[in-house]
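Analysis of the macromolecular model
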Amino acid sequence: MMTRNRMLRWLVCGRLGPVWMWKALLFFVAIAFATQLLGIIFNKSSTQPAAHSIFSSPDAQGPSLGSCQPHTHIMFLKTHKTASSTVLNMLYRFGEERNLRFALPLGYQLGYPLPFNAHRVKGYRGPRATEFHIMANHMRFNRPEVEKVMPADTFYFSIIRDPVALAESSFAYYKEVAPAFRKAKGLGDFADDPNKYYDPRLRNNHYARNLLWFDFGMDNNANFSVELAQHGEAMIRQTFRLILVSEYFDESMILLRHALCWPLDAVVSFSLNARQQKPSSNSVMGGSWVGKAAVAAGVGARAGRSQGKMLPNLSLTDHQREKLRQWNALDWYLYKAFNRTFWEDIDKFGRAQMEQEVALLRMRREILGRVCLRDGGKPVEAYRIRDKNIRPFQSGVVKILGYELQPGLDNATRTACLRMIRPEIQYKDLLDSKQFPRSVQPQLGQQGQGLLAAGGAFGRHDSSRTGEKMMMGEAEMERERDWDGSRIMKRNQTLKGVREKERLR
């Protein structure tokens, strides 16, 4: 035994070197192995593909729609002050993601407030010479001209809003644009005696009366009659396959999703082009049975100061609300008619199913809001948005709110989130530059001045009181024919003086 131990010591110390040398060698071998192991782990983590974006998760598709194919030929009549900018954003996103071609305006609107003409579309070369997939910018509807641009299988839809709520929003946005509003101290003052302030001959006064009826391409100054209102309703039904209701925005999105066969994320949105104010409860048709969508700009701002000017006073009594319905009798008729149809469609869809899908939509919006947006997803004033490219265009005395992106998003998620909050004007410019890469884009400051492009005011605003009358050629064009080919009924060439109150029958 002793001999064996001595032999081992002799081999180690004599032949293989001293023990301390082996200890040192083993130490360095251990370090090298650990370094190599860490390097392998590091290389694996650095070459591993990024986690999938939340927008590519199964939840983005929503409940199954069966074997239907998505509609890609779409015409959306973008009515004013109805949450239509939010709908436009959805269409922009859907088209951009799929490289669809938009029927874009030469500027920011398709000739509004004149009746639409096909030559207002950038790149138009004759009836259906070019395939356009989506038409959605502000226009005054003119079906024969639209049909020159859009394919025969186009899906037509639009959105409406309670005329009283619409009047409140319109008064807030267009107080300095519409002469009838500018002269009134407040909306209640205007509602008490509209004829005191309203002159149909003055440019931009269409914002002050039957604005929905006007946007659908009909004579907003015609005296109300049931026959005329039914005729207008029938014209709309002949063309538009779906009319959404702003007060029930989430339910509208579910109906739209099923009508277009689109994934859920395509109709999930954040409210765009909203104004800063305190909301008020004034729904005429009553609250939604699954809750109202907080998308359209609220109604009921009170007097305050902004940008050195008084904010519009929108206070209304119940009596003044009723007078506004009478003043906007044609719009009120349309709202009641298509609101009935809207709930009939929901009954056919199934109220239980609607409740479930609305809940999924709201949950998805909340999730995407937490992922995409800073400040808990609340809209913020434009000056607080660090990225100037996503600041909403400001006009008038009301503040238009926007959003800020969460920092640290991966590229795919950031791109998708940015699409959801990109303001209307900047988005149009982006799509324009993609479709027409060689054309020179106008600067926002040049194109936007006097346009109120996001809100839809017409052209150059002449601040002088004597320069506000419309050109006679334009007025004649408007009163020549309706878009179904029938003569426009124009029974009130002047609204001055005493006349019988318009009442709903």
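Preceding block: the structure.
Right, let's walk through the structure included here. (Residues numbered from 1 in each chain as written. Predicted model: local features only at pLDDT ≥ 70, side-chain atom pairs only at ≥ 80, totals over all residues. Heavy atoms only, no water.)

**Focus on the overall build of the protein**
- The helix and strand inventory of the protein stands at 17 helices and 8 strands.
- Each of the 505 residues in the protein was classed as buried or not, and the buried ones make up 53%.
- Across the protein, the fraction of contacts at a sequence separation of at least 24, relative to all contacts at a separation of at least 6, is 76%.
- Carbon and sulfur atoms provide 54% of the accessible area of the protein, an area that totals close to 24,300 Å². (Helix = DSSP H or I, 4+ residues; strand = E, 2+ residues; numbered from the N terminus. Buried < 20%, exposed > 50% of the residue type's maximum accessible area, 1.4 Å probe, protein only. Contact = heavy atoms within 4.5 Å. Areas by Shrake-Rupley, 256 points an atom, 1.4 Å probe, with all protein chains shown as cover.)

**Regarding the state of the cysteines**
- For the structure on display, the rule yields 2 disulfides.
- Disulfide pairing is shown between Cys 68 and Cys 261; the S-S distance is 1.9 Å. Judged by the sign of its S-S torsion, about 85°, the bond between Cys 68 and Cys 261 is right-handed. Taken together, the positions of Cys 68 in the loop between helix H2 (19-47) and strand E1 (74-77) and Cys 261 in the loop between helix H10 (249-260) and strand E5 (305-306) put the pair 193 residues apart, joining distant regions of the chain.
- Each sulfur in the disulfide pair Cys 372 and Cys 417 lies 1.9 Å from the other. With the S-S dihedral at roughly -65°, the linkage between Cys 372 and Cys 417 falls on the left-handed side. Highlighted residues: Cys 372 in helix H13 (residues 351-372) and Cys 417 in helix H14 (residues 411-421), separated in sequence by 45 residues.
- Looking at the protein, its bonded cysteines, counted consecutively from the start of the sequence, adopt the pairing 1-2, 3-4. (Disulfide = S-S within 2.5 Å.)

**A look at the packing of helix H3 (residues 84-97) against helix H15 (residues 424-435)**
- Put simply, H3 and H15 touch, their axes get as near as 11 Å, and they point 25° apart. Taken as axis vectors, H3 and H15 run roughly parallel relative to one another. In terms of crossing hand, the pair formed by H3 and H15 is left-handed. Mapping the contact onto sequence places Ser 85, Leu 88, Asn 89, Tyr 92, Arg 93 and Glu 96 in H3 and Glu 424, Tyr 427, Lys 428, Leu 430, Leu 431 and Lys 434 in H15.
- Split into classes, the residues belonging to the contact of H3 with H15 amount to 5 nonpolar, 2 polar and 5 charged. (Axes fitted to C-alpha atoms, helices over the stretch in contact; angles between N-to-C directions. Parallel < 35°, antiparallel > 145°, perpendicular 65-115°, else oblique. Left-handed = near helix turned anticlockwise from the far one by under 90°. Nonpolar A, V, L, I, M, F, W, Y, C, P; charged D, E, K, R; others polar.)

**A word on the pattern of salt bridges**
- Under the defined criterion, the tally for this structure stands at 19 salt bridges.
- Here Arg 321 ties to Glu 168 by a salt bridge, and the two come within 3.7 Å at their closest N and O atoms. Taken as a pair, Arg 321 in helix H11 (residues 318-327) and Glu 168 in helix H5 (residues 163-174) lie far apart in primary sequence, 153 residues in all. Comparing Arg 321 with Glu 168, the two get one shared label, buried.
- The closest approach of N and O atoms between Asp 432 and Lys 428, which form a salt bridge, is 2.9 Å. (Salt bridge = Lys/Arg side-chain N within 4 Å of Asp/Glu carboxyl O.)

**Observations concerning the sheet that holds strand E2 (residues 134-135)**
- Strand order in the open sheet formed by 4 strands is E2-E1-E3-E4, with parallel pairing between adjacent strands. Edge positions in the open sheet fall to E2 and strand E4 (242-245), since each of these has one partner strand only. (Pairing = 2+ DSSP bridges.)

**Observations concerning the nonpolar core**
- Core analysis: the biggest nonpolar cluster contains 116 residues, and Met 135, Val 149, Phe 157 and Phe 190 have the highest contact counts within it.
- Among residues more than four places away in sequence, those in contact with Val 149 are Ala 103, Phe 116, Ala 118, Val 121, Tyr 124, Thr 130, Phe 132 and Met 135. (Core = buried A, V, L, I, M, F, W, Y, C linked by side-chain atoms within 4.5 Å.)

**Notes on the environment of Ile 367**
- Mapped onto the elements of the fold, Ile 367 is located in helix H13.
- When its relative accessible area of 25% is taken as the criterion, Ile 367 is described as partly exposed.
- On a C-alpha basis, the gap between Ile 367 and Ile 54 in space is 9.3 Å, while along the polypeptide they are 313 residues apart.

**As for the packing of aromatic side chains**
- Across all of its chains, the model carries 23 aromatic pairs by this definition.
- Here the aromatic rings of Tyr 174 and Tyr 207 are separated by 3.9 Å at their centres, their planes lie at 25°, and the arrangement is stacked. On the criterion of sequence distance, the pair formed by Tyr 174 in helix H5 and Tyr 207 in the loop between helix H7 (187-192) and helix H8 (211-215) is long-range, its members being 33 residues apart.
- The exposure class of Tyr 174 is buried, given its relative accessible area of 1%.
- Through a chain of ring-to-ring contacts, three or more aromatic side chains come together here, namely Phe 171, Phe 181, Phe 190, Tyr 197, Tyr 198 and Trp 327.
- The ring of Tyr 108 carries Lys 428 above its face, with NZ or CZ at 5.0 Å from the centroid. (Phe/Tyr/Trp six-rings, centres within 6.5 Å; stacked < 30°, edge-to-face > 60°. Lys NZ or Arg CZ within 6 Å of the ring centre and 35° of its normal.)

**Remarks on the pairing of strand E3 (residues 155-160)**
- Burial analysis of E3 places 6 of its 6 residues in the buried class, which makes it a mostly covered element.
- In this structure, E1 lies alongside E3, joined through 4 bridges in parallel fashion. Across the sheet, the residue bridging to Leu 77 is Ser 158, located in E3.
- Examined bridge by bridge, E3 and E4 share 4 bridges and lie parallel to one another. Bridge pairing in E4 places Ser 158 opposite Ile 243.

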